[in-house]
Amino acid sequence: MISKFMSWMWSMMEMPGGLLLLLILQFFTGNNSVQPGRPVDNSTGVEGQVRLANEGNSSCSGRVEIFLLGQWGTVCDDHWDLVDAHVVCRQLVQPGRPVDNSTGVEGQVRLANEGNSSCSGRVEIFLLGQWGTVCDDHWDLVDAHVVCRQLGCGRARSAPQSARFGQGSGPIWLDNVICSGREPSITDCRHPGLGVHNCGHNEDASVVCECSTGVEGQVRLANEGNSSCSGRVEIFLLGQWGTVCDDHWDLVDAHVVCRQLGCGRARSAPQSARFGQGSGPIWLDNVICSGREPSITDCRHPGLGVHNCGHNEDASVVFEGQVRLANEGNSSCSGRVEIFLLGQWGTVCDDHWDLVDAHVVCRQLGCGRARSAPQSARFGQGSGPIWLDNVICSGREPSITDCRHPGLGVHNCGHNEDASVVCEFQQGRPVDNSTGVEGQVRLANEGNSSCSGRVEIFLRGQWGTVCDDHWDLVDAHVVCRQLGCGRARSAPQSARFGQGSGPIWLDNVICSGREPSITDCRHPGLGVHNCGHNEDASVVFEGQVRLANEGNSSCSGRVEIFLLGQWGTVCDDHWDLVDAHVVCRQLGCGRARSAPQHARFGQGSGPIWLDNVICSGREPSITDCRHPGLGVHNCVHNEDASVVCEGVEGQVRLANEGNSSCSGRVEIFLLGQWGTVCDDHWDLVDAHVVCRQLGCGRARSAPQSARFGQGSGPIWLDNVICSGREPSITDCRHPGLGVHNFQPGRPVDNSTGVEGQVRLANEGNSSCSGRVEIFLLGQWGTVCDDHWDLVDAHVVCRQLGCGRARSAPQSARFGQGSGPIWLDNTNRTHAIYSNSLYLYRGNVSFSRPVSLPFSCAYPLDTDVSMNVAVRPVLPSAVGLSGLGSKARASMSLFHTSNFTQPYPSGLITLPVGSPLHVGVSVLVRDPSFVVVLENCYASNSSNSNDTAQYFFIQNKCPTDRQQVAVIESGSSRQARFSVLFLLIHGENSDIYLHCSLSLCDQRSSRCVPSCRRRTSRSASSSAPLKPLTIGPITWDKSPE
């Protein structure tokens, strides 16, 4: 008996302490406590079974009960949190269980797909006693990720639209859903309101999740993380993942898998373990599908586990939606972006194409990060369909087709607008020679992050270098053009960027300059040389940009450009936020926050290369903007221009002598500021998440105690606990942004707070309970408990994402605080004014605003009079500030489409059929604002409110693209359009042109209108201006 008990105890050691204690007590005492008045049915339990007690255990909510040692018991709530509850919910998922609409719980989500038995299907939500669907407007991978995580199904693989899993019924509960990805539930994402939509059920949104635990009959694709629609076919059966043998495996079988996963059409059905050999059982063999089966397991086969195969015969699939780069044979990580859809290769239009979009393509192809996002068919015009246009990526999508776009084949482009990418390979870690493409060229330079470095070529399965004998500028120019890096500035010899390793592939290279690839130049033969690696050849390209600011180590500083062999600066005449945005995007630093002038980051030296720079915002480089010429200026260095870039929210970098390798101090960009991570609980699993996020492989170590030097700014994260599967370090468990290290006896760093931030002080501030503290005017303070009750506590809990309040303790239950007491119903020191600013995102229908809470504290001894406004002085480092004066707008009619010669005001006479070229300009003090054309129309009256209106532009978009061309809107303080306008009703009467405009803040909105098939009703952060009118315009019918 004793030995049996000890064996049982040993098997229980890994159970939570509270549950283990319960079992020990029950073992010795045989306690048969039950709930009074409710009989216990011990015969129905299975050892270890879990149920929810709630009116018969008929739904997915209730008291947690476990069947152990022949008896049902409960779980104590000590340390009980959402992670624990998530395990229970996932444990209770029952595949194949019929759905009872009466059993829904408010806010519950399910996936409707032949019984709701897997982690894919039509998204349905239970609200107001009824199951309903979600409309697919703006539906994307980020939204799908929230649903998948909510259901315990891992990350989202795709976000199908157009009722991919069949049309639902009942109400359409949500539309225009916009998630950040961190919400705990899809209903917590931004949307115009429950039941507010303009959809039909043919637009029902769906998700396809990649579930790590597996649901009976689920299918997944194993391919370096299962992150795309190609890979080895694996099926979850009898509690175990297994493979499919390739006997009789063909395109029809692959198509069934494809449809089951929501990945479109199958392109090929590879055999012989194309994506590597799997493990575990081989579940299926000799599969024969008709093509109409809903699941691969419904196809004909001899039986589960019946086969005569080994894992070298594992079957795979490759689906449409593959991406390639067309560049002299698709031989490198740069070129024209092409996508395979509906059986045909096509291109992507460059409207809105930028570095974030290019980064998704580069990562999808395994080519590291994007170096540039060339437009205007830099690598030649493609052919076939233009599959995508107006692509907007967040940067986290696994595939370019998962980014936001108006729809497949929906565009207003020609192939002269084909988009391209130039990717940079990941350096600073051991080179995997298997990843190269034959003939590919790369530059090795401390991370290969710019257009300069040691020339390396991938040949015969191995990276090698080029010897510098006869190496000159013509040879370097060929490499430069091959990589899409512009013109060569110099051709350094003697291993300027360090000695390489491996074979020396080329020597005595002689190029004419017209070759498409360095290997096409004249040379004595591959591997024929008389050199050592101390003679490795390199290239440096012109037009490079850097930010000078204490070593150029961040995304802010004085703008400097390398031209004609020399670094120089940019003069600040006409320098504004649009120009700064081009620099920030060129450097991969996100959007511009400000465009400082007057040598804010110190005076530079050398030539002043650019002056009077005017950018539209779409240029790939600052040198592509309009300017009078290189070196033409009337400035001195006290006018050097600078930029402060936002960085990318959530971006991670390693600070280590310039952040040039895959090791260093972990820093995160949040709320417009770089900060660090505290080393409490920091271990190898957490470090692994960071390494994978940066594309640096696996973590070797997780140093603590500021091994790479102490950082500055806020400490964003503390007590980080990762499972290892998170895509980003911010997705790991932590007590909250900026919440760290409040321990008794340890001084608090008040500089780390964010204005209006709330925290709970309780032995490290690591949970959803504690003393309420608020950060105001640069200092943490407390709240007095006068009239403090559960309603007040509920506001704090909701603000911190901690659910509802259970209690509102008074009398310093969690210890006395220090510093000011900021809030009380009878505050004796300050008057507190609190409110919120609401910023509306542009071009999103019925969008919820972003709320920016703020508080102002006024000392009670301030002398004020009732007719004078109190004007507090806010700290410059936080909050919002701005200068206000009314914007002045003007509109003119121009002679030609170059908009250089306006007509004088007054009566204008034009020949019948003449196009109208209209230009608008706005004079506004804040450079962050741009002008947007809202509505432009013609009428026979000078009154803009005349009922007879003939629209050219409506809701920011052309009414007819054949007759109206919007040249510029939402990108600067000028707007222009041209229109072919016929006589109204054929009458030769005077007309007037009217335009209503708005000012859009580029800091909070994407201001360039995105014109799609169905016009969005938008509530943006634009401010309307007074309508403008020009005319009269009369038509001259006399022959010329």
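This write-up is about the structure you can find in this document. (Residues numbered from 1 in each chain as written. Predicted model: local features only at pLDDT ≥ 70, side-chain atom pairs only at ≥ 80, totals over all residues. Heavy atoms only, no water.)

A few points about the packing of aromatic side chains
We count it as follows: Working definition: rings of Phe, Tyr and Trp (its six-membered ring) pair if their centres are within 6.5 Å, and the pair is stacked with planes under 30 degrees apart, edge-to-face with planes over 60 apart, and tilted otherwise. Exposed residues in this analysis have more than 50% of their type's maximum accessible area, buried residues have under 20%, and partly exposed residues fall in between, with area computed by a 1.4 Å probe over protein chains only. Helix and strand labels come from DSSP, where a helix needs a run of H or I of at least four residues and a strand needs a run of E of at least two; each type is numbered from the N terminus. Only lysine NZ and arginine CZ atoms are considered, and such an atom sits over a ring when it is within 6 Å of the ring centre and within 35 degrees of the ring normal.
This model, assessed by the stated rule, comprises six aromatic pairs. Ring plane angle 70° and centroid distance 5.2 Å describe the contact between Phe236 and Trp241, whose orientation is recorded as edge-to-face. Here Phe236 and Trp241 have matching classes, each one buried. Ring geometry for Tyr937 versus Phe951: centroids 5.1 Å apart, planes at 50°, classification tilted. Within this pair, whereas Tyr937 is found in strand 47 (residues 929-939), its partner Phe951 is found in strand 48 (residues 950-954), the two being separated by 14 residues in sequence. Using a relative accessible area of 8% as the deciding quantity, one classes Tyr937 as buried. Cation over ring: Arg220 sits above Trp241, and NZ or CZ is 3.9 Å from the ring centre. Over the aromatic face of Trp345 sits the side chain of Arg324, whose NZ or CZ is 3.9 Å from the ring centroid.

Here's the deal with the environment of Cys531
Here is the rule we go by: Contacts are residue-level and defined by heavy atoms, with any inter-residue pair within 4.5 Å sufficient.
Mapped onto the secondary structure, Cys531 falls in the loop between strand 26 (504-506) and strand 27 (538-541). C-alpha separation for the pair Cys531 and Asp469, spaced 62 residues apart in sequence, amounts to 8.4 Å. Discounting residues that sit within four places of it in the chain, Cys531 has contacts with Cys467, Asp469, Ile504 and Asp507.

Concerning the sheet that holds strand 39 (residues 771-776)
We count it as follows: Pairing between strands is defined by DSSP: at least two bridges between them are needed. Inter-axis angles, ranging from 0 to 180 degrees, are taken between N-to-C directions of lines fitted to C-alpha atoms, where helices are fitted over the stretch in contact.
Here we have four strands laid out as an open sheet, ordered 38-39-40-41, and mixed in their pairing. Two strands in the sheet have a free side with no partner beyond their single neighbour: strand 38 (758-761) and strand 41 (821-823). Neighbour-to-neighbour, the strand axes of the sheet open up by a mean angle of 45°, direction not taken into account. Here two bridges tie strand 40 (residues 779-783) to strand 41, and the two strands are oriented parallel to one another. Across the sheet, the residue bridging to Val783 is Leu823, located in strand 41.

Some words on the pairing of strand 6 (residues 130-134)
Most of strand 6 is tucked away, with four of its five residues classed as buried. Pairing of strand 5 (residues 120-127) with strand 6 involves four bridges; the strand directions are antiparallel. Within strand 6, the residue paired with Glu124 across the bridge is Thr133. As judged from the two bridges shared by strand 6 and strand 8 (residues 172-174), these two strands associate in the parallel manner. Directly across from Val134, in strand 8, lies its bridge partner Leu174.

Quick word on the side chain of Ser972
What counts here: Residues adjacent in sequence count toward polar contacts only when both atoms are side-chain atoms; beyond that, a polar contact is any pair of N or O atoms within 3.5 Å, and within protein one must be able to donate a hydrogen and the other to accept it.
Counting through the fold element by element, Ser972 comes out in the loop between strand 50 (964-968) and strand 51 (974-980). Here the side chain of Ser972 touches Gln974 through a polar contact of 3.1 Å, landing on its backbone nitrogen. Every residue in contact with Ser972, bar those within four places of it in the chain, is listed here: Val930 and Val931.

Some points on helix 6 (residues 355-364)
Most of helix 6 is tucked away, with seven of its ten residues classed as buried. Regarding helix 6, the residues found buried are Leu355, Asp357, Ala358, His359, Val360, Val361 and Cys362. Capping of helix 6 at its N-terminal end is provided by Asp354; its side-chain oxygen lies 3.2 Å from the backbone amide nitrogen of Val356.

What about the pairing of strand 48?
Of the strand pairs in this sheet, strand 47 and strand 48 are connected by three bridges, and their pairing is antiparallel. The partner of Cys936 across the bridge, within strand 48, is Ile953. Both strand 48 and strand 49 (residues 957-958) contribute to a ladder of two bridges, which runs antiparallel. Bridged to Gln954 within strand 49 is Cys957. Counting the residues between successive antiparallel strands, the hairpin from strand 48 to strand 49 contains two residues, one of them, Asn955, with a positive phi of roughly 55°.

Quick word on the sheet that holds strand 34 (residues 652-655)
Taken in spatial order, the four strands make up an open sheet running 34-35-36-37, and their pairing is mixed. The two strands at the open ends of the sheet, each matched to only one other strand, are strand 34 and strand 37 (715-717). Neighbour-to-neighbour, the strand axes of this sheet turn through a mean angle of 50°, independent of strand direction. Sheet analysis places strand 35 (residues 665-670) next to strand 36 (residues 673-677), joined by four bridges and oriented antiparallel.

Some words on helix 7 (residues 473-483)
Burial analysis of helix 7 places eight of its eleven residues in the buried class, which makes it a mostly covered element. For helix 7, the set of buried residues is Asp475, Ala476, His477, Val478, Val479, Cys480, Gln482 and Leu483. With a side-chain oxygen positioned 3.2 Å from the backbone nitrogen of Val474, the residue opening helix 7 is Asp472.

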